[in-house]
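One letter stands for each residue in the lines below.
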Amino acid sequence: MTALTLPARRRGSLDLVLRTAARGAVLIGLAVVIGIVLLQVVDKGGGSGGVAPPVTQGGDGSTTSTTSDDGRPAAEVRVLVLNGSGVDQAASTKANELRGLGYAIAGTGDAAAQTGTTVACVNDFDKEAAALSRSISGSTVTAYPTEPPPDSENADCIVTLGA
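Only a predicted model underlies this, so the values are computations on that prediction, with no experimental measurement involved. (Residues numbered from 1 in each chain as written. Predicted model: local features only at pLDDT ≥ 70, side-chain atom pairs only at ≥ 80, totals over all residues. Heavy atoms only, no water.)

Chemist: Sorry if this is basic, but what is going on with the state of the cysteines here?
Modeler: Put plainly, a disulfide is one covalent bond tying together the sulfur atoms of two cysteines. All told, the structure shown has 1 disulfide when counted by the stated rule. Here Cys-121 pairs with Cys-157 through a disulfide, and the sulfurs are 2.0 Å apart. Around the S-S axis, the bridge from Cys-121 to Cys-157 shows a dihedral of about 110° and counts as right-handed. Placement of the pair is Cys-121 in strand β5 (residues 118–121) and Cys-157 in strand β7 (residues 157–162), with a sequence separation of 36 residues. Of the two residues, Cys-121 and Cys-157, neither departs from the other in class, the shared state being buried. (Disulfide = S-S within 2.5 Å. Helix = DSSP H or I, 4+ residues; strand = E, 2+ residues; numbered from the N terminus. Buried < 20%, exposed > 50% of the residue type's maximum accessible area, 1.4 Å probe, protein only.)

Chemist: Looking at this structure, how should I read unusual backbone geometry?
Modeler: In most cases, non-glycine residues show a negative phi, while peptide bonds are predominantly trans. Here Gln-89, not a glycine, exhibits a phi torsion of approximately 65°, which is positive. Here Gln-89 is to be found in the loop between β3 (78–84) and α2 (90–100). Despite not being glycine, Asp-124 has its phi angle at roughly 70°, a positive value. If you trace the backbone, Asp-124 turns up in the loop between β5 and α3 (126–134).

The quantities given are spatial measurements derived from coordinates; they are silent on function.
Next up, the structure:
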């Protein structure tokens, strides 16, 4: 019996490049999957990635935050921004600035023309009013109006922009 042998097929250089690229892509994909799995296993914190406020421990074992006492965090203060300055889109612009500082914007609108910018907050928001006023250059804190403006029922503070 005679054995029939065929010549070995020579791989073309293009075929070799494609196989090498495919092998590399599979290895990269495998590395990504392993990385994701490891991150899920290792990262049990579930935190937001932010920095926790400094905490000090008292002699009696109690802990207190050493952050400034501005009351509630900005995200928990709902602010209505009203434009009494006469400048187009001033309330929207200021609302976006405050949103960038973390405040929850309850809305924007127009108000009667006034001189100077005011910040007025509901009862028990005195510290928040002071903090909000500090974030708005040239503003002053005033008493919350006895007749609140329209659309202010969902707001804790009202910022009225003035000329």
